[in-house]
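So the chains spell out like this:
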Amino acid sequence: MNREDFEIFKSGLIYLDNAATTMKPNSVINAIVDYYTKYTANAHRGDYDNSLKVDQEYEGAREKVRKFINAKRLEEIIFTKGSTEAFNMIIFGFMSNFLTKNDEVLLTKGEHASNILPWINLSKKIGFTIKYADLTEDYEVTVENIEKEITNKTKVIAIAHITNTIGDVRPVEEIGKLCERKKILFVLDATQSIGHLKIDVEKYNISFMGISAHKMLGPTGVGVLYGKKELLEKIVPMEYGGGMNETFSSNGEYTLKALPARLEAGTRNIAGVIGMGAAIDYLDKIGMDKIHKYEIELKKYLIEKLSTIPNINIYNKNTKSGVLLFNVGKYFSQDVAIYLNQFKICIRAGNHCAKMLQEVICVSNTCRVSLYLYNTKEEIDRLVEALKDQDKILDTVV
Amino acid sequence: MDSKKKRELILDNYQNPSNRGIPEDDSYKRQNSRNESCVDNIDVAVKIDNGILEDIKFDGEACAICTSTASVMSKELKGKNIEEAEIMIDNFERMINEMPYDEDLLGELNIYNEIYKQPSRKKCALLPIKAVKRILESIE
């Protein structure tokens, strides 16, 4: 749907790697170009028209994010470089002062590197234990498997809403309730879900959350750290500089601004933030429920079509998102991806940055198709047509 | 050599690679090599005796180009002294990166002289040799 809004598809590109990043609609690109061609200025600085316009747009984007995820307060939205920075702020800026040696943090082996490596790093310094909740036969997370790992030492549960590998949608509402009952902090990695599913941080009892704009039709290099206000207040800034201080003097005294400015040091990615706001407008206009429904319909079609050709092993038929993992007979996933490239079909090969998952699935390399609102059944037909000629996969090696 | 013959040799080295499988032997120096896109992941082991690359083995999961390069490379480097090996490695890297190189020094590795036409394959071809290079650097 809405393909005409994306300039890039005029080249005939078949883009099926949306879990990596998404294409940008003209409205997002125009919003960024407008900032650079019509009203470039720094934010929160000047008394002239363009600077005021920048403030309006920048803070306007914050309000769009707030509404989009149903946060209570504007100051709970902190603009970052992306999810990775958000997670590092949560883990090194907050958890480093919150967790102690005897505590436990519960993750799963399906998490992205950015929701595992900072934890491992901090646990080496503090000594808390990282536990990994069991996954089901379909590699999914259940409330039961989460609950059975919880002890009186469990202080944090940190999981993805949708994983970038399996594409499983976790029962976050139930896990949020469980966390509320057990007084555990709930950290949600919404990077893969934010552009695909409606998120409600209040309803899901989210303590902290990280998102990246580029996975939701927005630009790269910008994202959001969400946190409940009382928790964000306790984050120690990782960056000090302009924009976040109120006063400082040569005797070493300084005072910092209130949220959100306190955690947004330096000139931010203003164009990116404005572009992210435009992406939210675009998604809102279509409606998240409609997008999710369409992706599920496309995935069903993809599975049906792939099932008609031999030698396709699908690993996650049942997951409820637009991500499908498969291998083509004996062929190495990267050889398949490079073969498809000649048809302008973009898919991902590899282990998709969730390196621990291979300990569970025992298949370390797969092809991954990840669908989005602008993909079509015709594109799936083209993919399936290309995969019928399996004998030709290795013809492209030279 | 025409492209068809080159393809045949590459595929033969992919499907029936030489020197695959690393022995449990401390006299081999091991090095893992993987590319940025989290796909190819191979280990290379070199046994060096009196400055000679006595044996080279590899193992791991990798695409057709990476696997076959590891196979051809292991055959070509075996028996060379460290200096000869370094010169061969340098020339191979130059060939892949489209810089002037001496084809007389590359033996069967010349079958990869058209890889530059597929830029996404360059990193696959360079991965095994990168591991050998690191091993040689570590002993110097």
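Computed from a prediction, not measured in an experiment: that's the story for all the values here.

A. The overall build of chain B, seen in detail. A tally of regular secondary structure across chain B gives four helices and three strands. Once the C-alpha set of chain B is aligned to its principal axes, its extents read approximately 40 × 30 × 25 Å. Out of the 140 residues belonging to chain B, those deemed buried represent 49%. Restricting to contacts in chain B with at least 6 residues of sequence separation, those with at least 24 account for 60%. A gap of 5 Å separates the mean positions of the 21 positive and 28 negative side-chain charges of chain B.

B. Broad picture of the state of the cysteines. Following the criterion strictly, the structure yields zero disulfides over all chains and no others. Counting only cysteine sulfurs, C63(B) is the nearest neighbor of C367(A), a cysteine outside any disulfide, at a range of 12 Å. Note on C367(A): relative accessible area 0%, which makes it buried.

C. Structural context of the sheet that holds strand β2 (residues 41-49) of chain B. Residues and elements named next belong to chain B. Pairing within the open sheet is antiparallel, and its three strands lie in the order β1-β2-β3. Taken across any chain shown, the strands that pair with only one partner, and hence form the sheet edges, are β1 (28-34) and β3 (52-61). Direction aside, the axes of adjacent strands within the sheet are offset by 20 degrees on average. Relative to β3, β2 runs antiparallel, the two being bridged by nine bridges.

D. Fine view of the pairing of β2(B). All names here are of chain B. Taken together, the seven bridges between β1 and β2 define a ladder with antiparallel strand orientation. By the bridge assignment for β2, N32 is matched with D43. Hairpin connection from β2 to β3: two residues lie between these consecutive antiparallel strands, with N50 at a positive phi of about 50 degrees.

E. Spotlight on the domain arrangement of chain A. Residues and elements named next belong to chain A. Partitioning chain A into structural domains gives domain 1 (3-24 + 287-397) and domain 2 (26-285). Here the C-alpha centroids of domain 1 and domain 2 sit 28 Å apart. Across the contact, 38 residues belong to domain 1 and 39 residues belong to domain 2. Carbon and sulfur atoms supply 58% of the area buried between domain 1 and domain 2, which totals about 3100 Å² over both sides. Linking domain 1 with domain 2 are zero salt bridges. Across the contact surface, domain 1 and domain 2 share 20 residue pairs in polar contact (both at pLDDT 80 or more). Those elements that provide at least two residues to the side of domain 1 that touches domain 2 are α9 (288-306), β12 (323-328) and α11 (358-361). The biggest single contributor to the side of domain 1 that touches domain 2 is α9, with five residues.

F. Fine view of a negative patch on the surface. All names here are of chain B. Side chains of E83, E84, E86 and E137 sit close together on the surface and give a patch of like negative charge. When residues of the negative patch are assigned to their parent elements, the largest contribution, three residues, is made by helix α3 (residues 82-96). Its location among the elements puts E83 in helix α3.

G. Seen up close, the packing of helix α2 (residues 64-77) of chain B against helix α4 (residues 119-139) of chain B. All names here are of chain B. Relative to each other, α2 and α4 sit at 40 degrees, their axes nearing to 8 Å. Considering the angle they form, α2 stands oblique to α4. Every pair of crossing elements has a handedness; the one defined by α2 and α4 is right-handed. Across the interface between the two elements, I65, C66, T69, A70, M73 and L77 from α2 touch R121, C124, A125, L127, P128, I129 and V132 from α4. Counted by class, the contact of α2 with α4 contains eleven nonpolar, one polar and one charged residues.

H. Here's a closer look at the sheet that holds strand β11 (residues 312-314) of chain A. All names here are of chain A. Read from one edge of the open sheet, four strands run β11-β12-β15-β14, paired in antiparallel fashion. Two strands in the sheet have a free side with no partner beyond their single neighbour: β11 and β14 (348-350). Strand-to-strand twist of the sheet, defined as the mean angle between neighbouring strand axes without regard to direction, takes the value 35 degrees. Both β11 and β12 contribute to a ladder of three bridges, which runs antiparallel. Paired with N313 across the strands is N327, a residue of β12. Strands β11, β12 and β15 (366-370) of the sheet are contacted by α9, whose axis makes an angle of about 15 degrees with β12.

I. Main features of the nonpolar core. Counting 143 residues, the largest nonpolar core has I69(A), I157(A), M209(A), L373(A), L387(A), F92(B) and Y112(B) as the members making the most contacts within it. Split by domain, the residues of this core number at least three in each of domain 1 (3-24 + 287-397) and domain 2 (26-285) of chain A. Other than its neighbours up to four places away in sequence, I69(A) contacts I77(A), I194(A), I199(A), D200(A), V201(A), M209(A) and Y226(A). L99(A), A158(A), L232(A) and I235(A) belong to the second largest nonpolar core, which has 27 residues in total.

J. Representation of the packing of aromatic side chains. All names here are of chain A. For the structure on display, the rule yields 14 aromatic pairs over all chains. Here the aromatic rings of F6 and Y282 are separated by 5.9 Å at their centres, their planes lie at 85 degrees, and the arrangement is edge-to-face. Of the two residues, F6 is situated in the segment before β1 (14-15) and Y282 in helix α8 (residues 270-286); the sequence distance between them amounts to 276 residues. Residue Y282 is classed as buried on the basis of its relative accessible area of 9%.

K. Main features of unusual backbone geometry. All names here are of chain A. Going from L259 to P260, the amide bond is cis rather than trans, its omega being 0 degrees. Relative to the assigned elements, P260 resides in the loop between β10 (254-256) and α8. For N70, which is not glycine, the phi torsion reads 55 degrees and is therefore positive.

L. The arrangement of the packing of helix α3 (residues 83-98) of chain A against helix α4 (residues 117-126) of chain A in detail. Residues and elements named next belong to chain A. One can describe the packing of α3 onto α4 by two numbers: an axis separation of 9 Å at closest approach and a directional angle of 20 degrees. When the axis of α3 is compared with that of α4, the two are roughly parallel. The hand of the α3/α4 crossing is right-handed. Here N88, I91, F92, M95 and S96 of α3 come into contact with α4, specifically with P118, W119, N121, L122, K125 and I126. Class assignment for the residues of the contact of α3 with α4 results in seven nonpolar, three polar and one charged.

M. Fine view of the pairing of strand β8 (residues 223-227) of chain A. Residues and elements named next belong to chain A. Counting buried positions along β8 yields five of five residues, so the element is predominantly enclosed. Covered by surrounding structure in β8 are G223, L225 and G227 together with V224 and Y226, the residues of both alternating faces. Of the strand pairs in this sheet, strand β2 (residues 77-80) and β8 are connected by four bridges, and their pairing is antiparallel. Bridge pairing in β8 links I78 to L225.

The rules behind each value
Within every chain, residues take consecutive numbers counted from 1 along the sequence as written. In the order they appear in the text, chains get letters beginning with A and ligands get numbers beginning with 1. A pLDDT threshold of at least 70 governs which residues receive local features in this predicted model, and a stricter bar of 80 or more applies before side-chain atom pairs are shown or counted, although totals over entire chains, interfaces and linings include all residues. The side-chain quantities take in all heavy atoms of the structure and omit both hydrogens and water. Per the convention used, a helix needs a DSSP run of H or I reaching at least four residues, while a strand needs a run of E reaching at least two, with both numbered from the N terminus. Think of it in three bands: residues with accessible area under 20% of the maximum for their type are buried, residues over 50% are exposed, and the middle band is partly exposed, with areas taken using a 1.4 Å probe on protein chains only. Any two residues whose heavy atoms approach within 4.5 Å are treated as being in contact. Counted charges follow a simple rule, with Lys and Arg positive, Asp and Glu negative, and His plus the chain ends left uncounted. By convention, the point assigned to a charge is CZ for Arg, NZ for Lys, CD for Glu and CG for Asp. Cysteine sulfur atoms that pair up within 2.5 Å are treated as a disulfide. Here the rule is simple: two strands pair whenever DSSP picks up at least two bridges between them. The convention used is that axes are lines fitted to C-alpha atoms, helices contributing only their stretch in contact, and that angles between N-to-C directions extend from 0 to 180 degrees. Residue ranges assigned to the domains are those given by an automatic or database domain assignment. Note on terms: buried area is the combined drop in 1.4 Å-probe accessible area of two parts once they are placed together, counting the loss on both. Any carboxyl oxygen of Asp or Glu that lies within 4 Å of a side-chain nitrogen of Lys or Arg is treated as forming a salt bridge with it. For the purposes of these results, a polar contact is taken to be a pair of N or O atoms within 3.5 Å, where, inside protein, one atom must be able to donate a hydrogen and its partner to accept one; residues adjacent in sequence count only when each atom of the pair is a side-chain atom. For patch building, the residue pool is restricted to those with more than 30% relative accessible area and no salt bridge; the joining distance is 9 Å between like charges and 5 Å between nonpolar side chains (Val, Leu, Ile, Met, Phe, Trp, Tyr). Accessible surface is estimated by sampling points in the Shrake-Rupley manner with a 1.4 Å probe; for residues, cover comes only from the protein chains shown. Here is the rule for angles: anything less than 35 degrees is roughly parallel, anything more than 145 is roughly antiparallel, 65 through 115 is roughly perpendicular, and the remaining ranges are oblique. Crossings are classed by handedness, with left-handed meaning an anticlockwise turn of the near helix from the far one by less than a right angle and right-handed meaning a clockwise turn. Ten residue types, Ala, Val, Leu, Ile, Met, Phe, Trp, Tyr, Cys and Pro, are classed as nonpolar, four, Asp, Glu, Lys and Arg, as charged, and the remainder, Gly among them, as polar. Nine residue types can take part in a nonpolar core, namely buried Ala, Val, Leu, Ile, Met, Phe, Trp, Tyr and Cys, and a core is a set of them joined through side-chain atoms within 4.5 Å. Centres within 6.5 Å make a pair out of two Phe, Tyr or Trp rings, where for Trp the six-membered ring is used; the pair is then stacked when the planes are under 30 degrees apart, edge-to-face when over 60, and tilted otherwise.

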